[in-house]
Amino acid sequence: MKTTINCKGKLIDLSKPQVMGIVNITNDSFYAKSRCQNEGLIEAKVAKHLKEGAAIIDIGAYSTRPGCAVIPPEFEKEDIEMAMNVINNNFPDAIVSVDTFRAEVARFAVEELGVDIINDISGGTIDPDMLQTAADLHVPYIMMHMKGTPQNMMDYCQYDDMMDEITQFFATQIEKLKLLGACDIIIDPGFGFSKNLDQNYELMRNLDKLQIFGLPILVGVSRKSMIYKLMNTTPDDSLNGTTTLNTIALSKGAKILRAHDTKPAMEAIKICEKLGYW
C-alpha cells in the first residue's frame, strides 16, 4: 500500500489516516452550514479545519449534489481564485485540493493559483481532457467513481454487480493514468454518487475490497443522505452518523476522510489508531 503522496514537494504521510477539510464556495451545497461565499467565511472555515488537524483543505465552487445547477467555468474559476487568494495570504503552507471535474479549471487552479491536488468526482469521465491534464500537471489526482453527471447521476443506480463494476472502473482509469505518466493516484468509491441508500451501505460493507489496488482510499460520507435519510433527519443532525461511518471506513482501510467537521474525524482516527488498525 502506497503511504505517501507528493504535493509539489510537500509529502503527506498516509501511514496514519488524514482528514481533508471541506470548504464549499457555493450557495447551494446540500449542507447549508458548509457554504462559504465570502472571504471572511472562507478564512474562518480554513482556520478551523487547520487548527483541528486537517492535512488537506478541499475547495469547491461547483455544488455536485443530485440535480445541482450547472455553473459556467468562468464563475467556477472566479470563486476558486477568491478562495485561493485568502488561503495563500493567510495560510501559505496549507495543502489544498480543488474539487472540479473540468480540466481547464484544474489547470488554472494548479498553474495560476498554487493548488496542490486535483479532486475529480467523475474520475475523468466527464471531461475527456482531465486525465491528460492531471498527468501533465504532476500533482496527486483523486479519482472518484460516478456514472453520468451531477445533474442525472441518480438515474444510473442500476448494477448487475456494483462492487465488480466499481473495481473494473478503477482498474481501467488507473491504467489510463499510469500510461499517461501520472503521479500519485487516490481512489474514492463515491458514496452518494450514482448509488442509492442500500447501495451506499453495500459499498461500505465491501470497502476493504478496494485495497486490491494498493492505493490510498478516500471516503466522503460527511452528513450525506445515506445518513439523514436512514435516520429521517437532516444534514444538520447527521454528525453522529458521520462519525460512526468514518470509524467503520477507517477499520476497512480508508486513508483520507473528507469531512465538514475535522475534530470528530480526527477523534475517530485517534481511537482507531489506539485499537491497532494500522
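Before reading further, recall that the structure is shown in the block above.
All of the points below concern the structure found in this document. Note that the structure is a prediction, hence the values are computed from the model and not measured. Counting starts from 1 at the beginning of each chain's written sequence and moves along it residue by residue. Where local features are concerned, this predicted model is filtered to residues with pLDDT of at least 70; where side-chain atom pairs are given and counted, the filter is 80 or more; whole-chain, interface and lining totals use all residues. No hydrogens and no water enter the side-chain calculation; it runs on all heavy atoms of the structure.

1. A few points about a negative patch on the surface
And then number 1: Together, E74, E78, E81 and E112 line one region of the surface with negative charge.
And then number 2: Every helix listed is a DSSP run of H or I at least four residues long, and every strand listed is a run of E at least two residues long, numbered separately from the N terminus. Ranked by the residues each element gives to the negative patch, the list is headed by helix 2 (residues 73–90), at three residues.
And then number 3: Position of E74 relative to the elements: it lies in helix 2.
And then number 4: Exposed residues in this analysis have more than 50% of their type's maximum accessible area, buried residues have under 20%, and partly exposed residues fall in between, with area computed by a 1.4 Å probe over protein chains only. Overall, E74 belongs to the partly exposed group, its relative accessible area being 43%. Only residues whose relative accessible area exceeds 30% and that form no salt bridge enter a patch; like-charged residues are grouped when within 9 Å of one another, and nonpolar side chains (Val, Leu, Ile, Met, Phe, Trp, Tyr) when within 5 Å. The Shrake-Rupley method, run with a 1.4 Å probe sphere, supplies the accessible areas, and residue values consider only the shown protein chains as cover. What makes a salt bridge here is a side-chain nitrogen of Lys or Arg within 4 Å of a carboxyl oxygen of Asp or Glu, nothing more. Charge assignment: positive for Lys and Arg, negative for Asp and Glu; neither His nor the chain ends contribute. Just so you know, the charge point we use is NZ for Lys, CZ for Arg, CG for Asp and CD for Glu.

2. Some words on the sheet that holds strand 9 (residues 218–219)
And then number 1: If you walk across this open sheet you meet the eight strands as 8-7-6-5-4-3-10-9, and the pairing is parallel. Edge strands, defined here as strands with exactly one partner in the open sheet, are strand 8 (185–188) and strand 9.
And then number 2: Two elements, strand 9 and strand 10 (residues 256–259), share two bridges in a ladder whose sense is parallel. Of the residues in strand 10, the one forming a bridge with L218 is I256.
And then number 3: Helix 1 (residues 39–52) rests against strand 3 (18–24), strand 4 (56–60) and strand 10 of the sheet, and its axis sits at about 170 degrees to strand 3.
And then number 4: Note on contacts: a residue pair qualifies if any of its non-hydrogen atoms lie within 4.5 Å across the two residues. Between N-to-C directions, angles span 0 to 180 degrees; the directions come from axes that are lines fitted to C-alpha atoms, helices contributing only their stretch in contact. Against the sheet, helix 2 contacts strand 4 and strand 5 (96–99), and its axis sits at roughly 150 degrees relative to strand 4. The rule for pairing is simple: two strands pair if DSSP sees at least two bridges between them.

3. A short note on the environment of K255
And then number 1: Along the polypeptide, K255 turns up in the loop between helix 8 (239–251) and strand 10.
And then number 2: In this structure, the C-alpha to C-alpha distance between K255 and V219, residues 36 residues apart in sequence, is 8.0 Å.
And then number 3: Those residues within four positions of K255 in sequence are excluded, and the remaining contacts are L14, S15, P17, Q18, P216, I217 and W278.

4. A look at the pattern of salt bridges
And then number 1: Inspection of every chain in the model, using the stated rule, returns 14 salt bridges.
And then number 2: When the shortest N-O distance is used, the salt bridge between R107 and E111 registers 3.1 Å. In this pair, R107 and E111 both sit in helix 3 (residues 103–113), four residues apart, roughly one turn of the helix.
And then number 3: In this structure, E267 and K263 form a salt bridge, with 2.7 Å as the shortest nitrogen-oxygen distance. Highlighted residues: E267 and K263, both in helix 9 (residues 262–274), separated by four residues, approximately one helical turn.
And then number 4: Classification of E267 by relative accessible area gives partly exposed; the value is 40%.
And then number 5: Several salt bridges converge on common partners, so that one network encompasses D58, D99 and R258.

5. Some points on helix 4 (residues 130–137)
And then number 1: Extensive coverage of helix 4 is indicated by the burial of six of its eight residues.
And then number 2: Packing partners of the buried residues in helix 4 comprise helix 3, strand 6 (117–120), strand 7 (141–144) and helix 5 (162–180).

6. Quick word on the packing of aromatic side chains
And then number 1: Between the rings of Phe, Tyr and Trp (Trp by its six-membered ring), a pair exists once the centres lie within 6.5 Å; its type follows the angle of the planes, with under 30 degrees stacked, over 60 edge-to-face, and the other angles tilted. Enumeration over the complete set of coordinates arrives at three aromatic pairs.
And then number 2: Here the aromatic rings of Y62 and F101 are separated by 5.1 Å at their centres, their planes lie at 70 degrees, and the arrangement is edge-to-face. Taken together, the residues Y62 in the loop between strand 4 and helix 2 and F101 in the loop between strand 5 and helix 3 connect sequence positions 39 residues apart. As far as the burial class goes, Y62 and F101 line up, both buried.

7. Some words on a nonpolar patch on the surface
And then number 1: Taken together, the side chains of I271, L275 and Y277 make up a nonpolar region of the molecular surface, amounting to roughly 330 Å² of accessible area.
And then number 2: Here I271 is to be found in helix 9.

8. Let's talk about helix 9
And then number 1: Here, expected helix span is obtained from the residue count minus one, scaled by 1.5 Å. Taking 1.5 Å of rise per residue, the 13 residues of helix 9 would be expected to cover 18 Å, and the 19 Å separating its terminal C-alpha atoms lies within 8% of that figure.
And then number 2: Buried residues in helix 9 make contact with strand 3, helix 1, helix 8 and strand 10.
And then number 3: In the segment just after helix 9, G276 is the residue with positive phi, at about 85 degrees.

9. Overview of the nonpolar core
And then number 1: Side-chain atoms within 4.5 Å are what join buried Ala, Val, Leu, Ile, Met, Phe, Trp, Tyr and Cys residues into a set we call a nonpolar core. One finds I59, I80, I87, I118 and V219 to be the most contacted residues of the largest nonpolar core, which totals 66 residues.
And then number 2: Among the elements that line this core, the one with the most residues is helix 5, at seven residues.
And then number 3: Setting aside anything within four residues of it in sequence, one finds I80 in contact with I25, I59, A61, V98, V105, A109 and L113.

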